[in-house]
Amino acid sequence: MWRVLGLRAALLGRGTGRWTATRNSSASAKEAAEKAELLEVLEARVKQLQADNVSEVTVDRVAVAPLQKSPAPKAAVPSPAGKAPAPTGKDGGVSSCGAPSQPSRWVEKLKKEKWIKHKRQLRLEQKFSAAALPAGAERTSTPATKPRKAAVATESPGRAKAISPKGGTNPKVSGKSKTFHESRRATVAPSQDSPKRGSPASPCAPQGHEQSRLEEWPEMGELEGPMVQWDLRLKDKEDNKYGSIQLIIMSYLECCLFLGQPERAQQCLMFYHRSHARRKLLGIEMYNILMHGWAKKGSLNQIGRLFFMLEEAGLKPNLSCYAAALECLGRAHAPATVVKRCVQQLQEGGFHLDELFQGVLYKEDEREMVLKALRIIRPSFQPPAPPPAESCTSPLLRDFYSKEKPVSYPKLDFSLRELRERFQQQLEMEVSNTVTIPSVEAVKPVTEEALKARELLAALRSEWRGSLLRTLRESKAHMAQRKSQQMSLYPYLCLLEDTEYVDIMLQSLSSLPPQGESLLALARELGAKIYSKFAIRKKLRSRLVERLQRVYEDYAQLLARDAQLDSHLPREYWERLEASSGSSLLSRDCTWPHVLVVQLGAHMVELLVQVIKVQSNILNPSVEPKLIPVLYHVYSFRSSRQIGFIKPHPILTQILAHAAETTLTFDSFVMPMLCPPVPWTSPHFGAYLLVPTKLMRCVEGAVQHQLLLDKCPPGSLCSVLDSLNQLGTCPWKINQPVLDLIISVFNAKGSEKLAVPPPLSEAPKPSLGPATGPGPPSSRALKRELAQCRKKTVEMYSLRMDALYKLSIANHVRDQVFWFPHNMDFRGRTYPCPPYFNHLGSDVTRAILLFAEGKPLGPRGLDWLKIHLVNLTGLKKKSSLQERLAYANEVLEEILDSADHPLTGRKWWMDTDEPWQALACCMEIAQASRSPDPAAYISHFPIHQDGSCNGLQHYAALGRDVIGATSVNLMPCDTPQDVYSGVAQQVEEFRKQHAQEGMKVAQVLDGFISRKVVKQTVMTVVYGVTRYGGRLQIEKRLKELEGFPQEYVWEASHYLVQQVFNSLKEMFSGTREIQIWLTESARLIAKSGRTVEWVTPLGLPIVQPYHRSKSTVLNSAIQTLNLNVHCDANQKPDTMKQKNAFPPNFIHSLDSTHMMLTALHCFRRGLTFVSVHDCYWTHALTVDVMNQVCREQFVELHSQPILQDLSRFLLQKYCTSSLAEWRDKSSQEHRKLVELLSRVPKTGDLDLQKVKESIYFFS
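Quick look at the structure, then. (Residues numbered from 1 in each chain as written. Predicted model: local features only at pLDDT ≥ 70, side-chain atom pairs only at ≥ 80, totals over all residues. Heavy atoms only, no water.)

1. Quick word on the overall build of the protein
Each helix and strand in the protein was counted, giving 42 helices and 25 strands. Buried positions account for 54% of the 1259 residues belonging to the protein. When the accessible surface of the protein is totalled, it reaches about 55,400 Å², and 52% of it is carbon and sulfur. (Helix = DSSP H or I, 4+ residues; strand = E, 2+ residues; numbered from the N terminus. Buried < 20%, exposed > 50% of the residue type's maximum accessible area, 1.4 Å probe, protein only. Areas by Shrake-Rupley, 256 points an atom, 1.4 Å probe, with all protein chains shown as cover.)

2. As for helix α37 (residues 1069-1087)
With 19 residues, α37 ought to run about 27 Å at 1.5 Å a step, and its terminal C-alpha atoms sit 27 Å apart, in line with that. All of the buried residues along α37 are Gly1070, Thr1071, Ile1074, Gln1075, Trp1077, Leu1078, Ser1081, Ala1082, Leu1084, Ile1085 and Ala1086. Lining the buried residues of α37 we find α30 (950-959), α34 (1011-1021), α38 (1135-1164), α40 (1202-1214) and α42 (1227-1238). (Expected span 1.5 Å × (residues − 1). Contact = heavy atoms within 4.5 Å.)

3. Some points on the nonpolar core
Where a protein is soluble and globular, its nonpolar side chains tend to be buried together. By size, the foremost hydrophobic cluster in this structure holds 142 residues, and its most contacted members are Leu970 and Phe1146. Per element, the largest residue contribution to this core is 11 residues, and it comes from α38. Those residues within four positions of Phe1146 in sequence are excluded, and the remaining contacts are Leu958, Leu1078, Trp1094, Ile1202, Leu1203 and Leu1206. Of all hydrophobic cores here, the second largest spans 118 residues; its members include Leu319, Met487, Leu506 and Ile646. (Core = buried A, V, L, I, M, F, W, Y, C linked by side-chain atoms within 4.5 Å.)

4. Quick word on the packing of helix α8 (residues 284-297) against helix α9 (residues 300-312)
Packed helices, taken two at a time, are described by the angle between their axes plus the distance between the axes. Axis separation between α8 and α9 bottoms out at 9 Å; the angle between their running directions is 170°. Here α8 is positioned roughly antiparallel relative to α9, judged by the angle of their axes. When α8 is examined against α9, the residues Ile284, Tyr287, Leu290, Met291, Trp294 and Ala295 are found in contact with a partner set consisting of Gln302, Ile303, Leu306, Phe307, Met309 and Leu310. Classifying every residue of the contact of α8 with α9 by side-chain character gives 11 nonpolar, 1 polar and no charged. (Axes fitted to C-alpha atoms, helices over the stretch in contact; angles between N-to-C directions. Parallel < 35°, antiparallel > 145°, perpendicular 65-115°, else oblique. Nonpolar A, V, L, I, M, F, W, Y, C, P; charged D, E, K, R; others polar.)

5. Thoughts on the sheet that holds strand β19 (residues 942-946)
With antiparallel pairing, the 3 strands of this open sheet are ordered in space as β19-β25-β24. Two strands close off the open sheet at either side, each with one partner strand: β19 and β24 (1170-1172). Mean inter-strand twist for the sheet, computed between neighbouring axes without regard to direction, equals 30°. Pairing geometry for β24 and strand β25 (residues 1175-1179), over 3 bridges, is antiparallel. Residue pairing across strands places Val1170 opposite Trp1177, the latter belonging to β25. (Pairing = 2+ DSSP bridges.)

6. Concerning the sheet that holds strand β4 (residues 517-518)
Paired through backbone hydrogen bonds, the strands of a sheet run either parallel or antiparallel to each other. Taken in spatial order, the 3 strands make up an open sheet running β4-β8-β7, and their pairing is antiparallel. Only two strands of the sheet have a single partner each, and these edge strands are β4 and β7 (631-638). For β4 and strand β8 (residues 641-648), the ladder comprises 2 bridges, and the chain directions are antiparallel. Each bridged residue has a counterpart across the sheet, and for Glu517 the counterpart in β8 is Ile646.

7. Regarding the packing of aromatic side chains
One pass over the structure, following the stated rule, counts 36 aromatic pairs. A centroid spacing of 5.8 Å and a plane angle of 35° characterise the contact between Phe357 and Phe381, whose relative ring orientation is tilted. Taken as a pair, Phe357 in the loop between α11 (336-348) and α12 (366-377) and Phe381 in the loop between α12 and α13 (416-432) lie far apart in primary sequence, 24 residues in all. Exposure class is identical for Phe357 and Phe381. Each is buried. Residues Phe666 and Tyr805 carry aromatic rings whose centres are separated by 5.2 Å and whose planes lie at 90° to one another, so their mutual orientation is edge-to-face. You can see Phe666 sitting in strand β9 (residues 663-667) and its partner Tyr805 sitting in helix α24 (residues 776-812), a full 139 residues away along the chain. With respect to burial, Phe666 and Tyr805 carry one shared label: buried. Every member of this aromatic cluster is reached through a ring pair, and the members are Tyr252, Phe258, Tyr492, Tyr531, Phe534 and Trp592. (Phe/Tyr/Trp six-rings, centres within 6.5 Å; stacked < 30°, edge-to-face > 60°.)

8. Notes on helix α32 (residues 979-996)
Here α32 spans 26 Å end to end across 18 residues, near enough to the 26 Å set by a 1.5 Å rise per residue. Within α32 the residues assigned to the buried category are Val979, Tyr980, Ser981, Val983, Ala984, Val987, Glu988, Phe990, Arg991, His994 and Ala995. Positioned one or two residues after α32, Gly998 has a phi angle of 95°, which is positive.

9. As for empty space enclosed by the protein
On inspection of all chains with the given rule, the structure shows 14 cavities of 30 Å³ or more. In this structure, the second largest cavity is lined by Leu952, Tyr955, Val1021, Val1022, Phe1061, Leu1064, Lys1065, Phe1068, Thr1071, Arg1072 and Gln1075. Of all elements in the fold, only α30, α36 (1049-1067) and α37 reach the threshold of two or more residues within the lining of the second largest cavity. Counted by class, the lining of the second largest cavity contains 7 nonpolar, 2 polar and 2 charged residues. (1 Å grid on protein atoms, 1.4 Å probe; cavity = no way out; pocket = protein on both sides within 12 Å on 5 of 7 lines; lining within 4 Å. Points joined across faces, edges and corners; volume = space filled by probe spheres on them.)

10. Concerning the pattern of salt bridges
By the definition in use, this model includes 41 salt bridges. Between Glu500 and Lys533 there is a salt bridge whose closest N-O contact spans 3.8 Å. Here Lys533 lies in helix α16 (residues 519-541) and Glu500 lies in helix α15 (residues 498-510), a separation of 33 residues in the sequence. Classification of Glu500 as buried rests on a relative accessible area of 13%. Between Asp667 and Lys529 there is a salt bridge, with its nearest N and O atoms 2.7 Å apart. Linking Asp667 in strand β9 with Lys529 in helix α16, this pair joins segments that are 138 residues apart in sequence. Residue classification places Asp667 among the buried positions, given a relative accessible area of 11%. Among the residues examined, Lys529 registers a relative accessible area of 11% and is labelled buried. Shared partners join several salt bridges into a network, and the residues in it are Lys296, Glu327, Arg331, Asp365 and Glu366. (Salt bridge = Lys/Arg side-chain N within 4 Å of Asp/Glu carboxyl O.)

11. Observations concerning the packing of α40 against α42
Axis separation between α40 and α42 bottoms out at 9 Å; the angle between their running directions is 160°. Taken as axis vectors, α40 and α42 run roughly antiparallel relative to one another. Remark: the crossing between α40 and α42 carries left-handed chirality. In this structure, α40 contributes Ser1207, Leu1210, Leu1211 and Tyr1214 to the contact, and α42 contributes Leu1233, Val1234, Leu1237 and Ser1238. Broken down by class, the residue content of the contact of α40 with α42 amounts to 6 nonpolar, 2 polar and no charged. (Left-handed = near helix turned anticlockwise from the far one by under 90°.)

12. Topic: the pairing of strand β10 (residues 678-682)
Counting buried residues along β10, 5 of its 5 residues qualify, which places the element largely inside the surrounding structure. By the bridge criterion, 2 bridges tie β10 to strand β11 (residues 685-687) in an arrangement that is antiparallel. Pairing of Ser682 across the sheet is with Phe685, part of β11.

13. Considerations on the side chain of Gln246
Mapped onto the elements, Gln246 comes out in helix α5 (residues 244-258). Judged by relative accessible area, Gln246 falls into the buried class, the value being 1%. Non-local contacts of Gln246, meaning those with residues more than four positions away in its chain, are made with Lys241, Leu281 and Met286.

14. Details of the pairing of β7
When β7 meets β8, the two strands line up antiparallel, connected through 8 bridges. Along β8, the bridge assignment pairs Val634 with Phe645. Where β7 folds back on β8, the antiparallel hairpin that results is connected by 2 residues, among which Ser639 adopts a positive phi of roughly 55°.

15. Side note on the environment of Leu727
Take Leu727: it is sitting in helix α22 (residues 718-728). Sequence separation of Leu727 and Pro832 is 105 residues, and the distance between their C-alpha atoms is 8.8 Å. Every residue in contact with Leu727, bar those within four places of it in the chain, is listed here: Phe820, His822, Thr830, Met1155, Phe1169, Val1170 and Ser1171.

Below is the structure:
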């Protein structure tokens, strides 16, 4: 290692004239920069050659500062200052890893590379000298025709110059010849080229104090691998970059400060700041994090140094910097002169004091300390009043947010005291972070075998807990002995108590499936649990919980039935309360990047695999006793990829099966909330009380969505946030009779017909016995059957556990009222946050959910219940509402029998499309019809209204396509139009014509073309299915048909998909034109190197996260993990995915906009409303009102110039001067894009107002 450092010093010319490079003042700055880059590459290569046993995170070809796990160094006597002594650097000494350095082929290779590099450097110097101007000649300015070179020429040679905040050059750096012998540390130390202490660059530096030089910080290890020029796409409003490396650095800094170790955080920041190449990775946010850490300690010296570092990095201090400085001054009781200088610097930077209390997020007592500092010089200073709340900017909702008329919003059926008690229950659950509930699996009599197994399991867990604790502490001790400047996992292993890490590991061990789990998935799960627990711990340490409780208790007055306040939306009232409290509940916390979460989880998995042991004869004394691992690392193939799995030993599986434990443990966010969710007020705050939740869910590693939300004006998100809040404030309860029936079927070995998964005891067993002879056919058949049985068993286990989780959670809250907080995906489609049990689930889950609030049926409510039941059966899809109601009355006896004797009667309900929901509806109809006054019967049952092929409805409305609109029920009709049957009829006409012409495949298909064959393809073509995907769908349907000749399946499916697309083209001509326009626009945009972005009519910004795959390599002791990321915005866009996904994603954004508009207006009118995408739910009493609102908002939405607005947005974003470089290189492509985006598809003559009269638009 020290040989490498010696080489590094030699290359930089430290103390040796031999390696000194003379830089002539006339040498090209660009060439000097390139030379410095070459040196960086060699340094990285040297480090790479010696990293034989080092685990690191590699981002593309760049390894971030290693989060390592390596053997502990040899013990060394600490120095009097308490620091570890530096290892010797002689050839026979000890390397940085503690191992004796020995000559090897790498050493020889290193020497050879040193010599080659030396020769190249000499040649470079000769070229520099030859290109120099004559002595004394003045340098002329660069011609204006080459602005890029002119910009480069302003940089100092060798990157040794400090840059002023304004971006200009430092006049104190002379053009005289300098050498490379200057230490890199000197670039961050005060010098003649740096501002003096107390100058404007250091607004809070005290006068006359002794100051330690920055050179005292020990150097950190080098980045491994060549540096890359990071793309600038992932930036926020202040140009902070958010690639994986930046997120890792910020996470590391925050963890160090949380642990009270700002020195360690400073060393990390210095490592990147010291190198000009690495400094490019830093943003002002990283300096801010450290500033606030030192401000907590009242360290004026360190704050001053950080301002100098900002000056050197060419970064202008922002409001947060000055807030940290003033906070520090307030804590340190600084003299008035220093505070005045800081305020003067703030004002010279273009800021005003009032902005400190409007544009900065404060935590704990930071705001009070800033006020304290300001009142040193202005005793009567008062912070400004909070700014008025942002109003919605969408033209669709100007009337909705108008304050001209008094508004009253619905209340919850809870008292103020009850809501506050529920808040306390939810807070306790989130603080505990986990919830243990009883399982609904049949409670078998506790046998002696089960008792012994439980005792054995308890003893083993106790032993494993001790072993894990011991090993974890040893691992941490080894990491702590390393040089603290190396960024490692050590801080992340100190965030929680050691016992909490062990609890997380043992919890994952108990939930590990018998077939095992992929190492990547298990590591991700463990890392995410640690992050979630840390985020909650961080909030608990601050005063956030106390402030949250005060605000929530006041907020409950808006919801409680016994409070008068009802004229505010939840978001508006919460913002008002938060502003009056004097501090924000938002936090500046950094989200851990995916690669960090996986590596931390992989470390936990390593401990589990290495430590957890069991005696081999623990269940069978006849076996030879020896310690064996409980977990094994094996490889399996998925398609053509080799996947690492962590699989439990059969001994553990058998012990768990014999113990038959009757409890399940979940994370708190898995459970429904016990109180109304916190309203969303920003992209960073809402839903749960403490559990970190994203407003916009996205794939792992994607940060561009959050950055886009942060950049948009707050007013543009008001309507989106309000609609999510409306969905989240709907209270629910459990339909107990239906739940009990499902549990009884679940414990009676399930039922595939009723979608209740059977237990593993019902898994298929191989029918073939062992091969009796060596013949290959029987052996191959046995292997094939074994593989099929194994696959079926895995599927059965997954489905069984999913049902067990849902039913157990439902049973746990069977006597309670609960809520589902909501968030959305990147297209704006809304989802409940709890992952297992919610109303987006299957037929089983939906059947056991009821509205907690009941409403009388009213005059038409019972009819709507009956129509809803017929809809659930799937029997009368082409019939009118009157015919469906008549059919329900005809089968009323069957309905009542199903309600009274669901499992012992005639079981009519079992032969329906949605059997459990149908049964629940039968029970509701029976109770309502038997009540004295059905109209007064209080019903909690949700009634659904479904869109008729909603994607095609939006396309037909966009294109004003009369024929297409009629096919999807946008036009009034006496009976519902079925687009699937219409397409099937059109395809049949084509088939007859081709059969008469003698086409064989058309003749074979006679009698086989039906609605079912084409339905899936028609349904998904609007969402971007290709001809290839459509052919596979039709092929699957044809294989299910009895009597169809299987030898014609491929040819017939190929023929049919062509005819389906031709039929849709004829029936939806406007739709096809719009789809082609969207697809081609996305193709050209992606080809230009940009991702497709747009803004919904409600102002929600959307970006498609489809990029070329980037492989991130993560080394662990078990295996090398290859993280394939397809959403990294620093990679080029995936043109194929961008163009294929744009049409369906754009339509999804429109259907989510329609749903949000409907939700807000239903809330204004006092309705209970929830949705499952394009399926809207409400009480039977209010179905007619909801249908009216739904149609009005669809017409209002499509009355906007949606395509014209999209065209203008795309032209402004992709065809302006920001793409001048691309326009110059590909003028033809640019002209083509401008022409295409300007040519909006023509529309037809559809009268949108007719939609209001269409009964079957949603039905």
